[in-house]
Amino acid sequence: RAAQGHKMTGPKPTPNAKLIEAKVKLDAARSRAEKTAESPAETSVANTTDPESRMMKTKTGFIQGYNAQAAVNENQIVIAGAVTQDGNDVRQYQPMVAATQVALRGAGVTDRIGVVLGDAGYWSEDNATSQGPDRLIATLKDHKQRSAARKLGNTTGPAPEGTSSLEAMEHRLRTPEGAALYAKRSHTVEPVFGNHKENHGFRKFRRRGLVAVQAEWALMNISHNISKLFNHHNGIGLATT
């Protein structure tokens, strides 16, 4: 407008405040990264008692440890177990399904796996669509899943065409059949971990190193299975509280 001889009107343009703030944060992040690269010894942390353990997030905070996995049938028998250094469960779904299939074949069980029930820690697009047995994987934490079901209401039948795998899974979890099936986790796999922790006081590994704790976890699950089978053959029942 000035070049055309017009008078300039309106407020004078000023720098974007958000852009300035973002640049300050970016410069600070780059500075921290450079300092870390220059002196890694000052920022690196290692556990001298068990270097193979990792920081794991729990309900009460972070601990130094491992991630224990278990695949359990409807009678609370542990079919497969594993210990990993990965703090996230999402990458353990497919390996645990594969380990379960191997264990069943090794035991001479020819029955196919019915439906795999996994909590929200196992949810991912890849896990939902990978090859293998039928599955129900929660897309939200249990209390959030129940809250969403109450808010959105029940569904029936198959998911509508064109829905994503996430929407299809949420649709199925809100059907009466899907909700009843997923609820079985509360009296199948969850009591196994409860039995280990509460009845046997097994809240931490006593050995050190990944191979050693894998052996310890296997021993815990073997003894659990023997106890279950003993109770079953003596008519004591299978429930554990």
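All figures in this text were calculated on a predicted structure; none of them were measured in a lab.

Colleague: How would you explain the nonpolar core if you had to name every residue and give the values?
Modeller: Tyr-93, Trp-123, Leu-136, Ile-137, Met-169, Leu-173 and Tyr-182 are the most contacted members of the largest nonpolar core, which has 13 residues in total. Listing elements by their share of this core, those giving two or more residues are α3 (93-106), β6 (134-137) and α6 (165-173). Not counting residues within four places of it along the chain, the set of residues in contact with Leu-136 comprises Val-115, Val-116, Leu-117, Gly-118, Met-169, Arg-172, Leu-173, Gly-178, Leu-181 and Tyr-182.

Colleague: Could you give an account of the pattern of salt bridges, naming the residues involved and the relevant values?
Modeller: Counted by the stated rule, this structure contains 8 salt bridges. Here Asp-27 and Lys-23 are joined by a salt bridge, their closest N and O atoms 3.1 Å apart. Taken together, the positions of Asp-27 and Lys-23, both in helix α1 (residues 17-38) and 4 residues apart, correspond to about one turn of that helix. Judged by its relative accessible area of 34%, Asp-27 falls in the partly exposed class. The partner of Asp-119 in a salt bridge is Arg-185, with the nearest N and O atoms 3.7 Å apart. Taken together, the positions of Asp-119 in the loop between β5 (115-118) and α4 (125-129) and Arg-185 in the loop between α7 (176-182) and α8 (189-199) put the pair 66 residues apart, joining distant regions of the chain. Shared partners join several salt bridges into a network, and the residues in it are Asp-119, Arg-185 and Glu-190.

Colleague: Tell me about the packing of α8 against helix α9 (residues 210-233), and name the residues and values.
Modeller: Contact geometry of α8 with α9 gives a least axis separation of 11 Å together with a crossing angle of 105°. By the criterion of interaxial angle, the relationship of α8 to α9 is roughly perpendicular. Note on element contacts: α9 touches α8 through Trp-217, Met-220, Asn-221 and His-224, opposite Val-192, Phe-193, Asn-195 and His-196. By residue class, the composition of the contact of α8 with α9 is 4 nonpolar, 4 polar and no charged.

Colleague: Please give an account of the packing of aromatic side chains that cites residues and values.
Modeller: One pass over the structure, following the stated rule, counts 5 aromatic pairs. With a centroid separation of 6.1 Å and an interplanar angle of 80°, the aromatic rings of Tyr-66 and Phe-205 are classed as edge-to-face. Of the two residues, Tyr-66 sits in the loop between β2 (61-65) and β3 (67-72) while Phe-205 sits in the loop between α8 and α9, which places them 139 residues apart along the sequence. Assigned by exposure class, Tyr-66 and Phe-205 land together as buried. An angle of 20° between the planes, with centres 6.2 Å apart, marks the rings of Phe-202 and Trp-217 as stacked. Pair noted here: Phe-202 is in the loop between α8 and α9 and Trp-217 is in helix α9, with a separation of 15 residues, a long-range link.

Conventions adopted
Residues numbered from 1 in each chain as written. Predicted model: local features only at pLDDT ≥ 70, side-chain atom pairs only at ≥ 80, totals over all residues. Heavy atoms only, no water. Core = buried A, V, L, I, M, F, W, Y, C linked by side-chain atoms within 4.5 Å. Buried < 20%, exposed > 50% of the residue type's maximum accessible area, 1.4 Å probe, protein only. Helix = DSSP H or I, 4+ residues; strand = E, 2+ residues; numbered from the N terminus. Contact = heavy atoms within 4.5 Å. Salt bridge = Lys/Arg side-chain N within 4 Å of Asp/Glu carboxyl O. Axes fitted to C-alpha atoms, helices over the stretch in contact; angles between N-to-C directions. Parallel < 35°, antiparallel > 145°, perpendicular 65-115°, else oblique. Nonpolar A, V, L, I, M, F, W, Y, C, P; charged D, E, K, R; others polar. Phe/Tyr/Trp six-rings, centres within 6.5 Å; stacked < 30°, edge-to-face > 60°.

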